Amino acid sequence: MNVLFERLPLIALGLFAFVLYVVKRAYPRPFPGIPYNAASARRFWGDAAGLLEAVKVTQDPAKYIFQQNRILNSPVIQMFLAPFSNPTIIIDDVREVKDILSNRTHEFDRAPRTQDAYRALLPHCSLVKLTGPAFKEQRKFWEGVTGTPFLRRVAEAKMYQCALGLIELLRAQAEMAGGRPFPCFEDFDVAAFELICEVVFGTPGETIKNTRNEVLRASRDTIQPASLDSLAQLPAIRKPEMCENVSFFISTVAKSLKSVFPTWSLWYLRQQPIHRQRLARKNSTIDGHIESTRAKLAGLSEEQLKELEETSAVVTGVRRHLLARLRQGQPLDVKFPKTVQKEIHDELFMILVAGHETKAVLLSWSVKFLIANPEKQEKLRKALLDAFPERSKGEQPSAKAILYTSIPYLEAYMEESIRAANTPPRLVRTTTTPTQVLGYPIPKGTSVLLNPYIGTKPLDIPEGLRSDTSRSSKGNFESHWDPSGMDNFEPERWLAEDGSFNPRQFPRLAFSAGPRMCYGMSHSMSCFTYGFESIWLTMMRYLGRNLALMEFRVNIVLLVLNFKFEPLPKGLDSMESQQRLFRMPRQCYVRLTPL
């Protein structure tokens, strides 16, 4: 006992030194030579406290993060976003972002924290794998799933019919609303899900049709508010179970990424009974589709299997794995090994997740731009009526006419919508080696947030500080910014002097670049805290630029030809955004006049 008492001072001194070390490790430790907020470097929570306060007001963390570049007057800064962590580098320069994504992939790869967020949900998906042999081997099974031949054969007619179904639902809702505003995001969301579900599993949905019938039945008995500025009373849309499951898992990942400790937050959310229940139902449904497809295709001869037309994503995945079995001399009439089953399962679910709200979000922003810019709406409608005169006779233009008629102002409107919506608010990479950006040294293993927004005027940067590849690609774009007005919605900025659409007018980062760019690009024209790669970019990667733009084009054409989007009352017309897995509008209401 006496010995213990004699050693107490040493033990206390040791504990004190340990606590001091832990506290010191918890505080920010700036990288040398990179600008930062000096006050944040002295705080336990670093920049996280200011970020949390800003998000309470704006619900848009990216807005606060990239404002710091302007405050510090530097295209490259460091921020301290959590205790016990290294700084995060923030890069806000469109040319360097493009260069990093396109030419410096050996120095910048997917951030581990991005992968951690999705690994719990999609542990066997190529999304969570670093660029390498495993990533490339798995990806090759899915390349071409939404290339041009697949889209023309499978998705083209389906997306047109889904869009017509959405138009009929909105027409019924507009008539029931009687000139009153009503929410439309859920309509866009479910319409997008029905299409992507049919592309994945080959099974058509009935939710949009059933909701329209319910609206027609309810119209006779529903008493609407007296004021035309009050929200209309409409039947709520009933989402399919798989659609609800996808929404649930998206919100789970989004909640975890909004935490200062995303890994712990995600672990806690996954322990909840509701998570386990939805996971079991999701697994049962997707595995059932895979096994039924395998059993059906296993009965085909080798020649029939080789000649089989791929009509859905599940058929694609199963057929290609069966062909691999044939090449290896393995039997087809046995179930897939667990690893193969899980890889197919996760790739299919990734497509569902990626396609779930993406189109709905972009379409929602586009509709808001129509409402906020009535002169642009009328100009677009005139361009569409000139291209499709049959609409004045009450006929709808065909899918092929919509997709393959050159309409420069429509293409400019779409491109400006993608730019102004800024749905991918940040891209995240991790340095795989010590490197430099614009003369600033960045250590290996550092998280790097890249700003993809083409809007703010870049800071003045000497050309000599840029990389060789950045300097050599300067001429790829005719203009990098307009000194004023980039926050305005101006489709005309994408038109050449002769009125043609000019996609090279500005850089285009909405679809990412490099070896992880979207499937189909070669067949066509291309966290709040520690960050994530937005679902928008994931969709581009997994579903292809072609599918996204085709679906967007068909829907916006039919919406503008069939409805006039009237001004909304104050309180329902906010252009503010909120952050989920991507930047989406806080409000999405329409007041429609059928045409």
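If you're wondering where the values come from, they're calculated on a predicted model, not measured in any experiment. (Residues numbered from 1 in each chain as written. Predicted model: local features only at pLDDT ≥ 70, side-chain atom pairs only at ≥ 80, totals over all residues. Heavy atoms only, no water.)

Participant: Would you mind going over the overall build of the protein chain in detail, with residue names and values included?
Facilitator: Each helix and strand counted, the protein chain has 22 helices and 13 strands in total. For the protein chain, buried positions account for 56% of its 595 residues. A total accessible area of about 25,400 Å² is found for the protein chain, and carbon and sulfur atoms account for 56% of it. (Helix = DSSP H or I, 4+ residues; strand = E, 2+ residues; numbered from the N terminus. Buried < 20%, exposed > 50% of the residue type's maximum accessible area, 1.4 Å probe, protein only. Areas by Shrake-Rupley, 256 points an atom, 1.4 Å probe, with all protein chains shown as cover.)

Participant: Break down the packing of aromatic side chains for me, citing the residues and quoting the values.
Facilitator: One pass over the full model with this rule turns up eight aromatic pairs. A centroid spacing of 5.7 Å and a plane angle of 80° characterise the contact between Y27 and F44, whose relative ring orientation is edge-to-face. You can see Y27 sitting in the loop between helix 1 (2-26) and helix 2 (38-41) and its partner F44 sitting in the loop between helix 2 and helix 3 (48-58), a full 17 residues away along the chain. Residue classification places Y27 among the partly exposed positions, given a relative accessible area of 30%. (Phe/Tyr/Trp six-rings, centres within 6.5 Å; stacked < 30°, edge-to-face > 60°.)

Participant: Can you explain helix 9 (residues 185-201)? Please cite residues and give values.
Facilitator: Along its 17 residues, helix 9 runs 24 Å from first to last C-alpha, staying within 8% of the 24 Å computed at 1.5 Å per residue. Most of helix 9 sits inside the fold, with 16 of its 17 residues counted as buried. One or two residues past the end of helix 9 sits G202, with phi positive at roughly 80°. (Expected span 1.5 Å × (residues − 1).)

Participant: An account of helix 4 (residues 61-71) is needed here, citing residue identities and associated values.
Facilitator: Each full turn of the α-helix corresponds to 3.6 residues, which orients residues three or four apart in the same direction. Every buried residue of helix 4 is accounted for by P61, A62, Y64, I65, F66, Q68 and N69. Looking one or two residues beyond helix 4, the residue adopting positive phi is N73, at roughly 55°.

Participant: So what about the confidence of the model for the protein chain? Which residues, and what values?
Facilitator: Parts of the model with low pLDDT should not have their predicted coordinates read in detail. Averaged over all residues, the pLDDT of the protein chain is 82; the fraction at 70 or higher stands at 82%. The element-level mean pLDDT for the protein chain is lowest in helix 6 (residues 112-119), coming to 63, with strand 9 (residues 563-565) highest at 97. A low-confidence stretch, residues 511-542 stays under pLDDT 50, and its non-local contacts, those more than four residues away or across chains, total 149 contacts. (pLDDT = per-residue confidence, 0-100. Contact = heavy atoms within 4.5 Å.)

Participant: Describe the pattern of salt bridges, with residues and values.
Facilitator: Taken as a whole, this structure holds 27 salt bridges when the rule is applied. Two residues, E310 and R320, come together in a salt bridge whose shortest N-O distance is 3.0 Å. Here E310, found in the loop between helix 14 (302-307) and helix 15 (313-327), pairs with R320, found in helix 15; they are 10 residues apart in sequence, far enough to count as distant. E310 sits in the buried class, given a relative accessible area of 10%. We note a salt bridge from R553 to E411, for which the minimum N-O separation is 3.6 Å. E411 matches R553 in its accessibility class, with the two residues each being buried. (Salt bridge = Lys/Arg side-chain N within 4 Å of Asp/Glu carboxyl O.)

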